[in-house]
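Residues per chain are reported as follows:
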Amino acid sequence: MMKIQKFNKGFTLVELMVTLAISSLVMSGIYAVFHKQVATHNTERLVVSMQQNARAAMSFMERDIRMARYDPLGSSGANILIAERARLQFQIDDNEDGAILGAQETITYDLDNDAAPKDGIADVADCNLVRDDDSGVVPLPIVARSIDALNFDYFDANGISILDRTATPWQVPAGQIADIQSIRVSIVARSGDSIPAMFINHTDTKTYRNRSGDTILPAQNNDFRRMQVTTEIDCRN
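Thresholds, definitions, all that
Residues numbered from 1 in each chain as written. Predicted model: local features only at pLDDT ≥ 70, side-chain atom pairs only at ≥ 80, totals over all residues. Heavy atoms only, no water. Salt bridge = Lys/Arg side-chain N within 4 Å of Asp/Glu carboxyl O. Buried < 20%, exposed > 50% of the residue type's maximum accessible area, 1.4 Å probe, protein only. Core = buried A, V, L, I, M, F, W, Y, C linked by side-chain atoms within 4.5 Å. Helix = DSSP H or I, 4+ residues; strand = E, 2+ residues; numbered from the N terminus. Contact = heavy atoms within 4.5 Å. Pairing = 2+ DSSP bridges. pLDDT = per-residue confidence, 0-100.

Draft legend 1. Structural view of the pattern of salt bridges. As enumerated under the stated definition, the model contains 11 salt bridges in all. Between E84 and R87 there is a salt bridge, with its nearest N and O atoms 3.4 Å apart. By relative accessible area, which is 10% here, E84 ends up buried. Taking the shortest distance from any N to any O, the salt bridge between D133 and R131 comes out at 3.9 Å. Each member of the pair, D133 as well as R131, carries the same accessibility label: buried. Here the salt bridges do not stand alone but share partners, grouping D148, R190, D204 and R226 into one network.

Given below as C-alpha cells:
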C-alpha cells in the first residue's frame, strides 16, 4: 500500500503579520524616497525655467536700453521720454534717417497688469513684462512671463539717484531727464507654478528691495518660488 506523507509546514498567522509589517515598512521607505525625488525634480525644473526666463529678459532689455537716445545724425532729437519707477520709454533713431518715426523707434517697457499709478508690482497673478515698440501690435509682445515686480532707478554722472520718491508715481523730473547717465533695472520673476505643501513645505516670506533700499515687492507669503535679477546699464548716448 502506498504511504501518503503529510506536510504540515507553512506560514503561521504571526509570521504572515510580521512579513506584512516588514513589507509595509520597506514600501513606505521606497515611496518616501520616490516622493522626495519627484518633489526635488519639480522644484529644480521650476527654478531653472524661472532663472532662464529672468536672465533672458534682462539681457534683452539691457541691449535695448543701451541704445536709448541713439541719434547718429544729431537731428532726430531721440531722448528718454518717461523715466518712472515702473515704466521706461525712450527713443532710438533705429534706421539712422535723422527722424523718430514708425515702429522700433519709440520703445516702452512696463508690466501688462500693473494698474495706475504704476508701482511696478503685479496686480494679478498673470503678469508679464512687455515691450511696446509703437508698432500697434495687440496684445503687446511679452518679453518675460510671470514677473511679479519691475523697478527702474536712475542715476546722474555722480552716481546719485535722481528719482523723485515724493511724486506719484515715482519719476525723474522732466528737467532732469537729460541728466540720466545710468539706469538700474530690477525684476522679480516668479515660478510658473507653485510648489504644493504636500511636496515641499516652502513659503516665500522675503521682502525684495533694490540696491537703493526701496521695497520693490513686499513679502507675498505664498508657495511660489521667486528670484531677483538686477543690472545697471550705462546710457552711452
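Resuming the write-up.
Draft legend 2. Representation of the nonpolar core in the model. Within the largest apolar cluster, 38 residues are counted, with the highest numbers of intra-cluster contacts made by F152, Y154, I180 and I183. Looking at this core, the elements that each hand over two or more residues are helix 1 (13–66), strand 1 (80–83), strand 2 (88–91), strand 3 (106–111), strand 6 (147–155), strand 7 (182–190) and strand 10 (226–234). In this view, F152 contacts M61, I65, E84, R85, A86, R87, L88, Y109, L163, I183, R184 and V185; residues no more than four positions away in its chain are not counted. Grouped together as the second largest cluster of nonpolar side chains are 6 residues, I121, A149, Y208 and L217 included.

Draft legend 3. Seen up close, the pairing of strand 1. Two elements, strand 1 and strand 2, share 3 bridges in a ladder whose sense is antiparallel. Residue pairing for strand 2: I82 is matched across the bridge by Q89. Remark: 4 residues form the turn of the hairpin made by strand 1 and strand 2, two consecutive strands paired antiparallel.

Draft legend 4. Here's a closer look at the confidence of the model for the protein. Of all residues in the protein, 84% have pLDDT values of 70 or greater, and the mean over the chain is 87. Looking across the protein, the model is least confident in helix 1, with a mean pLDDT of 77, and most confident in strand 8 (residues 208–209), with 98.

Draft legend 5. Expanded view of the environment of I82. Summarising the element assignment, I82 is placed in strand 1. In this structure I82 comes out as buried when scored by relative accessible area, which is 18%. As a C-alpha pair, I82 and Q171 span 89 residues in sequence and 8.0 Å in three-dimensional space. When near neighbours in sequence (up to four residues on either side) are disregarded, I82 contacts R87, L88 and Q89.

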